[in-house]
Amino acid sequence: MAVKNFVVGLFDDEAVLFPAVKKVRTAGYKLHDVYTPFPVHGLDHAMGLRETSLHTAGFIYGITGTTTALSFMSWVFNVDWPLNIGGKPHFPLPAFIPITFELTVLFAAVGMVMTFCYLCQLMPGVKKHIFHPRQTDDKFVMVIELTEKTNAEEVKNFLAAAGAKDINEQKAEAGWWFGRYDKEDEFYTRQIQTANA
Amino acid sequence: MHLKYESTLREPLVDGVKDYHQVTEDIISPIEGKPGKLWYVGFFISLALLGFGAFSVFWQIYFGVGVWNLNKTIGWGWDITNFVWWVGIGHAGTLISAILLLFRQGWRTGVNRAAEAMTIFAVMCAGQFPIIHMGRVWMAFFILPYPNTRGPVWVNFNSPLLWDVFAISTYFTVSLLFWYSGLLPDFATIRDRAKTKLRKLLYGVAAFGWTGSTKHWQRHEALSLVLAGLSTPLVLSVHTIVSFDFATSVIPGWHTTIFPPYFVAGAIFSGFAMVQTLLIITRKILHLEEYITLGHMEAMNKVIVLTGSVVGCAYLTELFMAWYGANPYEFDTFFKYRAAGPLGWSYWIMMTCNVITPQVFWFRKMRRNVMVTFVMSIIVNIGMWFERFVIICTSLYRDYLPSSWSYYRPSWPEVGFYMGTFGLFFTCFFLFAKYFPVIAVAEIKSILKTSGQNYKEKMEVYEEESAEKFAHDVAHAH
């Protein structure tokens, strides 16, 4: 679990945030993340994030559902227990369609949500560092990671020039953990001390 | 940035001058405060109904299905009527959240959260009816295909009743996932605002550790869009499959190919009526008139008048086919036992409530009148309940064998069970309105700039200039 140094800039409006994101990239600072209270369209492109492949995963889960349903029903009616139900054929494809469709949707939906949670590291009780309590309310928070090469003051001045309102420095656990959110949390403080030592 | 130009003629989706923080305040502060008196009154009435329902169900399970007034002729009565009705109610929620998302309808953001919650609670109510109807409910697991210890006796995959099992359970699961994934960001907002430790803990667990990271939003959007794409055919399939329960049979009045589209339209019709009933109460009690505007209600009333007319068209088609098809049984069912006959009154209630009264929504004044909408929403719900009753009971009570013809009226456990599901539905909805954000906060924020009142005011500057100029200025704002 790595504790890192960050410079955090607070923006009031996404219209100011956008050009700032572009400037950070041209300036070559290490952009840790941008936190927004709602999905800002195009911000992922401005940050240079890769397009998500969640759709592909969904497609794969879907066809898994289709094959599971079709092969299972065929196996039951033709191999495991071939029972004559009202003289109907053992492989009645049209009658299999409803369940096949439902299982396709079910597999795709459940699989995608689970993949989404896995990729975003979301789970009941997971804790992550909140850089600003209003990042889920009305503020747009840009977080720049400090490396050996970057100067904190320089980054702060840069953010101020780009239109950030409240600029501060934070030491934070960049990953995720289970536990409480409080700053007094023992796990949390211990990590900071070891980082300072 | 995704700021699109909208016509000045289009009314704002959020009334009042709001900024992002004000939106959060308006929607989340009811959760943080104490509920009002009305909430307690409503909640305890619902709990009482739920208790009565539980007692009725206990009575039925203890003494057997015989306590219901079903007989050899009428094997499906109130139970399946209520099942189909409740499933239908659920459809508006998925329609609003999925189909309208795909069609980029901005007005869905104000109502989708409550509508999706309604879907989930309605499907919970619906599922109980076929299960309790089985009689020996402890054997309900027989409907699931699993390798059992009594030899490999499998379920019949050719049976529409089994398709129902898959359709309803899939529908419930997918709706729940769609609803909850949309709730994550809003739970995070409540968590980060929380003043008490308990609230922080509970909403912290519920928020799954959401932070609002751009990458997460990107995946979240992709997820919502694909789930919407999956739910869209699902909405249509679920009620189609429910209609197969009837359409694949040989009973006159059931055995018709028009059933799937007719059932789906009816489901959306009754679902939107229930959304109206709930939202008119919710916006009043939680003071959300600025978010659930008259514009929203008008849009939903348009859907009601459309689907109501589709349903009316289907009724007339059925009558036409009963005459034109020259099948004497079919003709008698429709013209002698439905439109006339001992249960004929239910047919005329259905016709009045579903076909005639919704036509008031052709008038804009009526569509934008809260009282008219509220009364209409209840009338439509009654009408749609009678539609299912008419389909089931007036087809069964005069069967092929005149010696078995009978009449049907429900017994108290049947009525009590139905009341009980109302209790469950409203208990869940009251808890939802108290502890969950009833409006999708993050989604409202994302349309605030393009469709809020303040945006419209900013646009007044451009009124004399061209739309192109405005669009250009917005596109080059940064």
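Keep in mind that this is a model prediction, so the values were computed, not measured.

Basis of the calculations
- Residues numbered from 1 in each chain as written.
- Chains lettered and ligands numbered in written order.
- Predicted model: local features only at pLDDT ≥ 70, side-chain atom pairs only at ≥ 80, totals over all residues.
- Heavy atoms only, no water.
- Patch = residues over 30% accessible without salt bridge, like charges linked within 9 Å, V, L, I, M, F, W, Y side chains within 5 Å.
- Areas by Shrake-Rupley, 256 points an atom, 1.4 Å probe, with all protein chains shown as cover.
- Salt bridge = Lys/Arg side-chain N within 4 Å of Asp/Glu carboxyl O.
- Helix = DSSP H or I, 4+ residues; strand = E, 2+ residues; numbered from the N terminus.
- Buried < 20%, exposed > 50% of the residue type's maximum accessible area, 1.4 Å probe, protein only.
- Expected span 1.5 Å × (residues − 1).
- Bend = angle between axes of the 7 residues up to and from the residue.
- pLDDT = per-residue confidence, 0-100.
- Contact = heavy atoms within 4.5 Å.
- Buried area = accessible area lost by both parts, 1.4 Å probe.
- Polar contact = N/O pair within 3.5 Å; in protein donor to acceptor, adjacent residues only side chain to side chain.
- Axes fitted to C-alpha atoms, helices over the stretch in contact; angles between N-to-C directions.
- Left-handed = near helix turned anticlockwise from the far one by under 90°.
- Nonpolar A, V, L, I, M, F, W, Y, C, P; charged D, E, K, R; others polar.
- UniProt positions renumbered as here; feature names shortened; annotations may be inferred.
- Phe/Tyr/Trp six-rings, centres within 6.5 Å; stacked < 30°, edge-to-face > 60°.
- Pairing = 2+ DSSP bridges.
- Core = buried A, V, L, I, M, F, W, Y, C linked by side-chain atoms within 4.5 Å.

Asks: A description of a nonpolar patch on the surface should follow, citing residues and the corresponding values.
Replies: Residue and element names in this part refer to chain B. Where nonpolar side chains cluster on the molecular surface, the patch consists of Phe52, Phe55, Phe58, Tyr62, Phe63, Trp412 and Met419 and spans about 760 Å² of accessible area. Taken together, the elements giving at least two residues each to the nonpolar patch come down to helix H2 (37-63) and helix H14 (412-435). In terms of residue count, H2 provides more of the nonpolar patch than any other element does, 5 residues in total. Inspection of the secondary structure assignment puts Phe63 in helix H2.

Asks: Tell me about the pattern of salt bridges, and please be specific about residues and values.
Replies: If charged atoms from side chains of opposite charge come close, those side chains can pair. Residue and element names in this part refer to chain A. For the structure shown, the criterion picks out 18 salt bridges over all chains. Of the charged contacts in the structure, one is a salt bridge between Glu153 and Lys156, with a shortest N-O distance of 3.8 Å. In this pair, Glu153 and Lys156 are both assigned in helix H5 (residues 152-162), 3 residues apart and thus about one turn of the helix distant. Residue classification places Glu153 among the partly exposed residues on the basis of a relative accessible area of 45%.

Asks: Report on helix H5 (residues 160-193) of chain B, specifying residues and quantitative values.
Replies: Residue and element names in this part refer to chain B. Its 34 residues place the ends of H5 49 Å apart at the C-alpha level, agreeing with the 50 Å of an ideal helix rising 1.5 Å per residue. Considering bend angle alone, the principal kink of H5 is centred on Leu184 and spans about 35°; proline Pro185 follows within four residues of it. Within H5, 26 of the 34 residues are buried, which leaves the element mostly enclosed by the surrounding structure.

Asks: Report on the confidence of the model for chain A, specifying residues and quantitative values.
Replies: All names here are of chain A. Chain-level pLDDT for chain A is 83 on average; 88% of the residues reach the 70-or-more range. Taking the mean pLDDT of every element in chain A, the minimum, 45, falls on helix H6 (residues 186-196) and the maximum, 93, on helix H4 (residues 93-119). Note that pLDDT drops below 50 for residues 184-197; the model gives that stretch 17 contacts with residues more than four away or on any other chain.

Asks: Explain the environment of B:Leu70 to me, using residue names and the numbers behind them.
Replies: All names here are of chain B. With respect to the secondary-structure elements, Leu70 resides in the loop between H2 and helix H3 (78-102). C-alpha of Leu70 to C-alpha of Ser411: the two residues are 341 residues apart in sequence and 8.9 Å apart in space. Apart from the residues lying within four places of it in its own chain, the contact partners of Leu70 are Val65, Gly75, Trp76, Gly77, Asp79, His133, Tyr408 and Glu414.

Asks: Summarise the interface of chain A and chain B; cite the residues concerned and give the values.
Replies: Across the boundary between the two partners, chain A contributes 70 residues, which contact 57 residues of chain B. For the chain A and chain B pair, buried surface summed over both sides reaches about 5800 Å², with 70% attributable to carbon and sulfur atoms. For the chain A face of the interface with chain B, the top three residues by lost area are A:Glu102, A:Thr136 and A:Asp137, together amounting to 11%. Counting across the chain A and chain B interface gives 0 salt bridges. Across the contact surface, chain A and chain B share 21 residue pairs in polar contact (both at pLDDT 80 or more). Elements with a minimum of two residues in the side of chain A that touches chain B: helix H1 (14-27), strand E2 (30-35), helix H2 (43-46), helix H3 (54-80), H4 and strand E3 (126-128) of chain A. Tallying contributions element by element places H4(A) first for the side of chain A that touches chain B, with 17 residues.

Asks: Account for the environment of B:Phe374, naming residues and giving values.
Replies: Among the secondary structure elements, B:Phe374 is positioned in helix H13 (residues 370-396). When near neighbours in sequence (up to four residues on either side) are disregarded, B:Phe374 contacts B:Thr277, B:Ile280 and B:Ile281.

Asks: So, helix H1 (residues 20-32) of chain B: which residues are in play, and what are the values?
Replies: Residue and element names in this part refer to chain B. Over its 13 residues, H1 runs 18 Å from end to end, which matches the ideal 18 Å to within 8%, given 1.5 Å per residue. Its maximal kink placed at Asp26, H1 deviates by approximately 30°, while the proline Pro30 follows within four residues. Taken together, the buried positions of H1 are occupied by Tyr20, Val23, Thr24, Asp26, Ile27, Ile28 and Ile31.

Asks: Explain the packing of H3(A) against H4(A) residue by residue, including any values.
Replies: Residues and elements named next belong to chain A. For the pair H3 and H4, the least separation of the axes is 7 Å and the interaxial angle reads 145°. Relative to H4, the crossing made by H3 is right-handed. Split into classes, the residues belonging to the contact of H3 with H4 amount to 16 nonpolar, 11 polar and no charged.

Asks: Could you give an account of the UniProt feature "transmembrane region" (unreviewed entry) in chain A, naming the residues involved and the relevant values?
Replies: UniProt's entry tags residues 57-77 and 97-119 of chain A with the feature "transmembrane region" (unreviewed entry), counted in the numbering of this structure. Each end of residues 57-77 of chain A is marked by a C-alpha atom, and these two atoms are 30 Å apart; helix forms 100% of the span and strand 0%.

Asks: Please provide a residue-by-residue account of the packing of aromatic side chains, values included.
Replies: Two aromatic rings, taken as a pair, are described by how far apart their centres are and by the angle between their planes. All names here are of chain B. Enumeration over the complete set of coordinates arrives at 74 aromatic pairs over all chains. Each ring, one from Trp68 and one from Phe417, has its centre 6.2 Å from the other, and the planes form 20°; the classification is stacked. Of this pair, Trp68 sits in the loop between H2 and H3 while Phe417 is found in helix H14, placing the two residues 349 residues apart along the sequence. In this pair, the class of Trp68 matches that of Phe417, namely buried.

Asks: Account for the side chain of B:Asn158, with residues named and values stated.
Replies: Relative to the helices and strands, B:Asn158 resides in the loop between helix H4 (108-133) and H5. For B:Asn158, the residues in contact, after removing those within four places along its chain, are A:Phe77, A:Lys88, A:Pro92, A:Ala95, A:Phe96 and B:Trp163.

Asks: Tell me what's going on with the sheet that holds strand E1 (residues 3-11) of chain A, and back it up with residues and numbers.
Replies: Residues and elements named next belong to chain A. With antiparallel pairing, the 4 strands of this open sheet are ordered in space as E2-E4-E1-E5. Each end of this open sheet is capped by a strand with a single partner; those strands are E2 and strand E5 (167-173). The average angle at which neighbouring strand axes cross in this sheet is 30°, direction not considered. Relative to strand E4 (residues 140-145), E2 runs antiparallel, the two being bridged by 5 bridges. Looking at E4, one finds that Asp33 is bridged to Val143. Where H5 meets the sheet, its contacts fall on E1, E4 and E5, and the angle it forms with E1 comes to roughly 20°.

Asks: Before we move on, could you go through the nonpolar core and cite the residues and values that matter?
Replies: If you look at the biggest cluster of nonpolar residues, it comprises 181 residues, and the most contacted ones within it are A:Met142, B:Trp86, B:Phe246 and B:Phe272. If you tally residues by element for this core, the top one is H3(B), at 15 residues. When neighbours within four sequence positions are excluded, A:Met142 is seen to be in contact with A:Val7, A:Val8, A:Gly9, A:Phe11, A:Leu17, A:Ala20, A:Val21, A:Val24, A:Leu31, A:Asp33, A:Val34 and A:Leu159. If you look at the next biggest cluster of nonpolar residues, it comprises 8 residues, including A:Phe6, A:Tyr35, A:Phe131 and A:Ala172.

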